[in-house]
Amino acid sequence: MQGESFRTANCLFLRACTVFVKVLMSAIFPVVFEPVAYENRHRQPQEFAEIARMIRRDIIKSLVLAGSGHSGGPLGSADIFAVLYFGGYMRYTPQNWWTPRDRFVLSAGHMCPVLYATLANTGAFPKEELRTLRKYNSRLQGHPGRDMGLPGVETSTGSLGQGISIAVGMAMADKLLDSNGYRVFTLTGDGELQEGSVWEAAMAASNFRLDNFCWIIDNNDCQIDGRVHDVMNIYPLEDKCRAFGFDVVTVNGHDYAELCAAFDRFIANSEKQCGKPTAIIAKTLMGKGVSFMEDRYEWHGKPPTWEQARIALAELGEEISEPAAV
Ligand SMILES: Cc1ncc(C[n+]2csc(CCOP(=O)(O)OP(=O)(O)O)c2C)c(N)n1
Ligand SMILES: [Mg+2]
């Protein structure tokens, strides 16, 4: 009995400490996460720019607060996420995510800051939670964990080459067994394509005629330690994807009209049950939107310093002051 009240007191004390630390942190670090929830609907291409800028700002803020994590890939793919989640292509209910929905698997798990920022902007969870990126006990771990229970994280990823295989399995499950008519999207990096298992998954997708499957390749030609074509050449990419049985479309991954056209093509392929999966090769710039990060592979896996975050946010349309001295 005594032990129980001790545990309860202990628990209350810990909670009070957590609240205190949160209040202190937000006083010291002048970062505000605007509580916006964007609608998911068909939009004119130019409407995506504001959403993508918000996603990029949220990526910078969560990374500078975390003090570690990946900047380049998340910033580079923000336009793809803006179109996919807010253009009516992914179907979901933000307030009740696990109801009937389309699936998105982030095979390049290290890019999760963009997934978290996007999901928060759908209203799937409170934007303030972006403050907890990479913190102990947070649902926003450095690589997505299904067991963390964050709405919108379908499976755990981070080990490159595995997410796409899981996504193909999901598409097979629906196409061959469940027939609920959901779509499955996955995003891989281009360095990730050096994993052999990616191509086994691709082979299976066409073998099983998974026209409900859309493979997005973030083709920034950057990876952890250099240019993709220098480390291990993956080109010609279109030809490879086509040879693996995909309907392939290459787009500028920062052009909203081209991205919309590519997703429209996938939806048409799946609706007419063309029998082929779709691959969208999105040419992107690592670090897009922040001048000193653009097209620099050195930004693959590091966060901005406070001074760099201040400059980055100013370039993205928001002024913040330096954190107060501690
Ligand atoms: C199986 C496996 N091997 C190595 C890594 C370490 N790793 C994480 S990201 C990365 C580079 C991936 O390059 P790319 O997919 O192009 O992502 P980008 O650098 O463009 O964000 C590597 C080697 C990993 N996560 N999983
Ligand atoms: Mg890359």
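The structure we're discussing is the one just above.
Here is a short report on the structure shown in this document. Throughout this document, residue positions are counted from 1 along each chain, in the order its sequence is written. Working convention: letters from A go to chains and numbers from 1 go to ligands, in the order in which they are written. The predicted origin of the model limits local features to residues at a pLDDT of at least 70 and limits the giving and counting of side-chain atom pairs to 80 or more, whereas totals for whole chains, interfaces and linings rest on all residues.

Turning our attention to the overall build of the protein chain. Scanning the protein chain for helices and strands turns up eleven helices and seven strands. A total of 326 residues make up the protein chain; the buried ones form 48% of that total. Across the protein chain, every contact between residues at least 6 apart in sequence was considered, and the portion connecting residues at least 24 apart equals 77%. Under the DSSP-based scheme used, a helix requires at least four consecutive residues in state H or I and a strand at least two consecutive residues in state E, with every element numbered from the N terminus. Counting other C-beta atoms within 10 Å of each residue's C-beta, where C-beta atoms are placed from the backbone, gives the exposure class: buried for 20 or more, exposed for 12 or fewer, partly exposed between. Once C-beta atoms are placed from the backbone, any two residues with those atoms within 7 Å are in contact.

This part is about the site of ligand 1. Nearness between a residue and a molecule or strand is assessed with a C-beta atom placed from the backbone; a distance within 6 Å qualifies. The local shell around ligand 1 holds 20 residues, among which Gly73, Gly189, Gly191, Glu192 and Gln223 are the closest. Elements that contribute at least two residues to the shell around ligand 1 include exactly α3 (72-76) and β4 (222-223).

Attention now goes to the pairing of strand β2 (residues 184-189). The buried fraction of β2 amounts to six of the six residues, a majority that puts the element mostly inside the structure. Residues Val184, Thr186 and Thr188 line one face of β2 and the alternating positions Phe185, Leu187 and Gly189 line the opposite face, and both faces are buried. At least two bridges found by DSSP between two strands are what make those strands a pair. Strand direction decides the pairing type here: strand β1 (residues 103-106) and β2, joined by four bridges, are parallel. Following the sheet pairing, Arg103 is matched in β2 by Val184. Here β2 pairs with strand β3 (residues 213-219) via six bridges, running parallel. Paired with Leu187 across the strands is Ile216, a residue of β3. Once you follow β2 into helix α7 (residues 196-207) and on to β3, the crossover reads as right-handed. A clockwise course of the path from the first strand over the helix to the second, judged with the strands pointing away from the viewer, identifies a crossover as right-handed.

Most peptide bonds take the trans configuration, and most residues that are not glycine carry a negative phi. Here the bond from Tyr235 into Pro236 is cis, since omega is 0°, no more than 30 degrees from zero. Topologically, Pro236 is positioned in the loop between α8 (228-231) and α9 (237-243). Phi at Arg134 is positive, roughly 65°, even though this residue is not glycine. Relative to the elements of secondary structure, Arg134 occurs in the loop between α5 (112-122) and α6 (163-178).

As a further point, take helix α10 (residues 256-271). Any helix carries an expected span of 1.5 Å times its number of residues minus one. In this model α10 runs 22 Å from its N-terminal to its C-terminal C-alpha over 16 residues, within 8% of the 22 Å that 1.5 Å per residue would give. Among the residues making up α10, those that are buried are Tyr256, Glu258, Leu259, Cys260, Ala262, Phe263, Phe266, Asn269 and Ser270. On its buried face, α10 sits against α2 (48-66), α4 (78-86), β3, β6 (247-252) and β7 (278-283).

The term nonpolar core refers to a group of buried residues, namely Ala, Val, Leu, Ile, Met, Phe, Trp, Tyr and Cys, whose C-beta atoms join them within 7 Å. Counting 91 residues, the largest nonpolar core has Ile55, Ala82, Val83 and Val168 as the members making the most contacts within it. Aside from chain neighbours lying at most four places away, what touches Val168 is Ala201, Ala204, Ala205, Leu210 and Phe213.

Glancing now at the sheet that holds β1. With parallel pairing, five strands are arranged side by side in an open sheet as β1-β2-β3-β7-β6. Strands at the two margins of the open sheet, each flanked by one partner only, are β1 and β6. Across the sheet, the mean angle separating the axes of adjacent strands is 20° when strand polarity is ignored. Each of β1, β2 and β3 is contacted by α6, which is oriented at about 165° to β2, the strand it contacts most. Orientation is described by axes fitted as lines to C-alpha atoms, over the contacting stretch for helices, and by angles from 0 to 180 degrees between their N-to-C directions.

So, about the packing of α2 against α5. Running from N to C, α2 and α5 cross one another at 120°; their axes reach a closest spacing of 9 Å. Considered as vectors, α2 and α5 are oriented oblique to each other. At the point where α2 passes α5, the crossing takes the right-handed sense. Judged by residue contacts, Ile51, Met54, Ile55, Asp58, Ile59, Ser62 and Leu63 of α2 engage Pro113, Val114, Tyr116, Ala117, Thr118, Ala120 and Asn121 from α5. Of the residues that constitute the contact of α2 with α5, the class distribution is ten nonpolar, three polar and one charged. Reported orientations rely on four angle classes, namely roughly parallel under 35 degrees, roughly antiparallel over 145, roughly perpendicular from 65 to 115, and oblique for the rest. Should the near helix be turned counterclockwise from the far one by less than a right angle, the crossing is left-handed, whereas a clockwise turn marks it as right-handed. Under the grouping applied here, Gly and all other residues not named as nonpolar or charged are polar, the nonpolar ones being Ala, Val, Leu, Ile, Met, Phe, Trp, Tyr, Cys and Pro and the charged ones Asp, Glu, Lys and Arg.

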